[in-house]
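Descriptive structure summary
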Amino acid sequence: MTDINILTEAEVAALNSLIDGATRIVVTGHKSPDGDAMGSCLGWAEYLRMQRGKEPVVVMPDAYPDFLQWLPNTDKVVRYDKHKEEVARMLQEADLIFCVDFNGFSRVDEMEGALAASPARKVMIDHHLGPVEEDWELALSHPEMCSASELVFRIIWQLQGFEGMTRRCAIQLYCGMMTDTGGFTFNSTRPEIYFIISQLLTKGIDKDKIYRNVYNNYSCWAIRLRGYLMSRKLNYIPDCRAAYFTITRKDMFDYHFVKGDAEGLVNEPLRIKGLKLSISLREDDRRDNLIWVSLRSVDDFPCNEMAQQFFNGGGHLNASGGRLMCSMREAERITRQAIRHYEQRLRG
């Protein structure tokens, strides 16, 4: 039997004590929740509800992608941007808050004040580098995990919860693992990941349908947008084995953009033979001079270092993000500067 236990005995005891002693539990993820944030939060809440007799509430800072609407229990998620007073009250009245798939209060953006002000005990369950020293009652930080969903599975397993795991929970966690590894194409070479997948399959999930629900669930306009961006907006720098593209507000307006339409698009240029780095620059749809940056790389190129040095961000070796407070023209200048700065390592 593969050993996938990850918590110390002290952490198991502390986590069980916190759960047993809580009556009002909130589970929350980061701003602009992706498949892993949604899958890990919903999966953890499902475990707490079905196996620990709790009634957790899942709250998110803002909208999740349209292609995740099918995930079980998404209809129960409460958004802070839509119900600020209600979520603030939930956070204030909670006695235990699980912060899943993020490691610092700033990652919930406008909800940060309400989260920080809550007197509840807070538990971090996360896989990102550089956890922030917040007021954690318990910090379960494991950057070696492929996703927060993998970490949640391991925790449930170690708490003896796998036998009672519902099919809904298995679907949620598999979706999170799949999306945070690009369909298991990066950050997913450890054999334990595939042992976990094999166990999730015993719960009767249809992994092929989950894939189709996520990756084959776009509108016609979203496909047209992708074609336009790759044909007209892609900047290919062959001598540096890198590429970047921009998505402006006009592009989004012209192609009836909805949240999630650009999900995974940053991976597309990596299909180019020999390419090592792809960068996406997207204007925020509400705030001027805010550019969201996504970086993807292959092999050993550290896009997390580039994200930290040039884009006020960070992340994993092959998948990172950041943001710039500037115009798109300036963002493009910074991107070209970053690529040239790492030219030798990209060529290697």
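Residues numbered from 1 in each chain as written. Predicted model: local features only at pLDDT ≥ 70, side-chain atom pairs only at ≥ 80, totals over all residues. Heavy atoms only, no water.

Details of the overall build of the protein chain
Looking only at helices and strands, one finds 13 helices and 12 strands in the protein chain. For 348 residues, the compact-globule estimate of 2.2 N^0.38 gives 20 Å, and the protein chain sits close to it at 20 Å. Counting only C-alpha atoms and orienting by the principal axes, one finds that the protein chain spans roughly 55 × 45 × 40 Å. Across the 348 residues that make up the protein chain, the buried fraction comes to 55%. Restricting the contact set of the protein chain to residue pairs at least 6 apart, pairs at least 24 apart contribute 68%. Here the protein chain displays about 15,500 Å² of accessible surface, and carbon together with sulfur accounts for 46% of that area. With 43 positive and 48 negative side-chain charges, the protein chain shows a separation of 6 Å between the mean positions of the two kinds. (Helix = DSSP H or I, 4+ residues; strand = E, 2+ residues; numbered from the N terminus. Rg over C-alpha atoms; globule rule 2.2 N^0.38 Å. Buried < 20%, exposed > 50% of the residue type's maximum accessible area, 1.4 Å probe, protein only. Contact = heavy atoms within 4.5 Å. Areas by Shrake-Rupley, 256 points an atom, 1.4 Å probe, with all protein chains shown as cover. Lys, Arg positive; Asp, Glu negative; His and termini not counted. Charge placed at Lys NZ, Arg CZ, Asp CG, Glu CD.)

Concerning the pairing of strand S7 (residues 234-237)
Note that S7 and strand S8 (residues 242-247) share 4 bridges and pair antiparallel. The partner of Tyr236 across the bridge, within S8, is Ala243. The loop that links S7 with its antiparallel partner S8 comprises 4 residues; one of these, Arg241, has a positive phi angle of about 55°. (Pairing = 2+ DSSP bridges.)

Re the sheet that holds S7
Across the sheet, which stays open at both edges, the 6 strands sit in the order S7-S8-S9-S10-S12-S11 with mixed pairing between neighbours. Across the chains shown, the open sheet's two edge strands, defined by having one partner strand only, are S7 and strand S11 (314-315). One ladder, built from 2 bridges, connects S11 with strand S12 (residues 319-324); its direction is antiparallel. The residue bridging Gly315 from the neighbouring strand is Ser320, located in S12. Along the sheet, helix H11 (residues 303-310) makes contact with strand S9 (277-283), strand S10 (291-297), S11 and S12, crossing S12 at roughly 10°. (Axes fitted to C-alpha atoms, helices over the stretch in contact; angles between N-to-C directions.)

Here's the deal with empty space enclosed by the protein
For the structure shown, the criterion picks out 1 cavity of 30 Å³ or more. Within this model, the largest cavity holds a volume of roughly 30 Å³. In this structure, the largest cavity is lined by Glu46, Tyr47, Met50, Gln51, Ile156, Met165, Thr166 and Cys169. It is helix H2 (residues 35-51) that contributes the most residues to the lining of the largest cavity, 4 residues altogether. In the lining of the largest cavity, the residues fall into 5 nonpolar, 2 polar and 1 charged. (1 Å grid on protein atoms, 1.4 Å probe; cavity = no way out; pocket = protein on both sides within 12 Å on 5 of 7 lines; lining within 4 Å. Points joined across faces, edges and corners; volume = space filled by probe spheres on them. Nonpolar A, V, L, I, M, F, W, Y, C, P; charged D, E, K, R; others polar.)

Geometric values such as these leave the question of function open.
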